[in-house]
Amino acid sequence: MDRERLRFLYQTEQGRIDRATWRRGAGGIVAALLPLTLIWFALQPYSVHDLATTPFFAPMTVLAYAYVIFYAFAVMLSVVSFINLSTKRFRDRGLAPPLGLASIAPLLALVAGAAHFWQPRAAEIMSRWYVWGADALFVAAALWTIYELGWREDDSVAPL
């Protein structure tokens with residue numbers, strides 16, 4: 001893909017795209033984010049740092065927190081790119097407001113991720129049920145978004 005096409009798909013919310021383009025674009029975002037997420041899963045146990053059991057300077061803990069800064073930036077960039085891509089498809093489907101609808105699944109993904117990160121650190125005040133509830137909402141929104149934008153048969157350009 002050339003530079004101008006990448007800019008159109010991921011850096012601006014203007015325009016319209018068909019479902020095949022949305023599937024390829026969303027797949028590219030997932031393909032870029034998946035290995036980064038697997039690396040975070042491997043480093044996440046090192047992010048728990050208890051001075052009673054580990055030394056003050058633990059190299060793997062430093063690496064885990066340095067990586068999570070990089071990972072958070074990559075996730076935010078992916079979220080913005082996904083919203084821009086999905087807004088174009090929602091606009092093509094004639095669903096309003098396209099920017100609002102395109103933001104639902106990424107917002108719930110960020111909430112679910114934050115719940116997974118925070119719950120072990122605040123288990124006495126945050127039940128595991130909150131995490132499962134956030135996961136359920138995210139999965140429902142993600143499945144609806146994937147169906148609506150990538151597989152729904154009505155593929156005509158609808159005027160807004």
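Residues numbered from 1 in each chain as written. Predicted model: local features only at pLDDT ≥ 70, side-chain atom pairs only at ≥ 80, totals over all residues. Heavy atoms only, no water.

A cluster of nonpolar side chains, contributed by V30, L34, L38 and F41, occupies part of the molecular surface with about 410 Å² of accessible area. Residue V30 is classed as exposed on the basis of its relative accessible area, which comes to 54%. (Patch = residues over 30% accessible without salt bridge, like charges linked within 9 Å, V, L, I, M, F, W, Y side chains within 5 Å. Areas by Shrake-Rupley, 256 points an atom, 1.4 Å probe, with all protein chains shown as cover. Salt bridge = Lys/Arg side-chain N within 4 Å of Asp/Glu carboxyl O. Buried < 20%, exposed > 50% of the residue type's maximum accessible area, 1.4 Å probe, protein only.)

Residues at a pLDDT of 70 or more form 95% of the chain, whose mean pLDDT is 90. Of all helices and strands in the chain, the one with the weakest mean pLDDT is helix α1 (residues 3-10) (85), whereas helix α5 (residues 128-151) scores best (96). (pLDDT = per-residue confidence, 0-100. Helix = DSSP H or I, 4+ residues; strand = E, 2+ residues; numbered from the N terminus.)

Contact geometry of α1 with helix α3 (residues 59-93) gives a least axis separation of 7 Å together with a crossing angle of 85°. In terms of orientation, α1 lies roughly perpendicular with respect to α3. Residues F8, L9 and Y10 of α1 pack against V80, S81, N84, L85 and K88 of α3. (Axes fitted to C-alpha atoms, helices over the stretch in contact; angles between N-to-C directions. Parallel < 35°, antiparallel > 145°, perpendicular 65-115°, else oblique. Contact = heavy atoms within 4.5 Å.)

A word on the pattern of salt bridges. For the structure shown, the criterion picks out 4 salt bridges. Across the salt bridge formed by E13 and R91, the nearest N and O atoms sit 2.8 Å from each other. Within this pair, whereas E13 is found in the loop between α1 and α2 (19-43), its partner R91 is found in helix α3, the two being separated by 78 residues in sequence. A relative accessible area of 14% places R91 in the buried class. E148 is the partner of R152 in a salt bridge, and the nearest nitrogen-oxygen pair spans 3.2 Å.

With that settled, consider the side chain of Q119. Considering the arrangement of structural elements, one finds Q119 in the loop between α4 (98-118) and α5. Judged by its relative accessible area of 8%, Q119 is buried. Engagement of the side chain of Q119 in a polar contact is seen with the side chain of R128, the distance being 3.3 Å. Residues contacting Q119, with those up to four places away along its chain left out, are M126, S127, R128 and V131. (Polar contact = N/O pair within 3.5 Å; in protein donor to acceptor, adjacent residues only side chain to side chain.)

A separate point is unusual backbone geometry. In this model, A96 is joined to P97 through a cis peptide bond whose omega is -5°. With respect to the element layout, P97 can be found in the loop between α3 and α4.

At a minimum axis separation of 7 Å, α3 and α4 run at an interaxial angle of 145°. The handedness of the crossing between α3 and α4 comes out as right-handed. When α3 is examined against α4, the residues V75, M76, V79, F82, I83, S86, T87, F90 and R91 are found in contact with a partner set consisting of P98, L99, L101, A102, S103, P106 and L110. Classifying every residue of the contact of α3 with α4 gives 12 nonpolar, 3 polar and 1 charged. (Left-handed = near helix turned anticlockwise from the far one by under 90°. Nonpolar A, V, L, I, M, F, W, Y, C, P; charged D, E, K, R; others polar.)

Next up on the list: the packing of aromatic side chains. For the coordinates displayed, the defined rule picks out 6 aromatic pairs. Measuring from centroid to centroid gives 6.1 Å for Y67 and Y71, while their planes differ by 15°, and the two rings are stacked. Highlighted residues: Y67 and Y71, both in helix α3, separated by 4 residues, approximately one helical turn. Pairing W129 with W132 gives two aromatic rings, centres 5.0 Å apart and planes at 85°, and the pair type is edge-to-face. In this pair, W129 and W132 are both assigned in helix α5, 3 residues apart and thus about one turn of the helix distant. Under the relative-accessibility criterion, W129 is labelled exposed at 65%. A relative accessible area of 45% places W132 in the partly exposed class. The structure contains a cluster of three or more aromatic residues connected by ring pairs, namely W40, Y67, F70 and Y71. Here the guanidinium or amino end of K88 rests over the ring plane of F8, the centre of that ring lying 5.0 Å away. (Phe/Tyr/Trp six-rings, centres within 6.5 Å; stacked < 30°, edge-to-face > 60°. Lys NZ or Arg CZ within 6 Å of the ring centre and 35° of its normal.)

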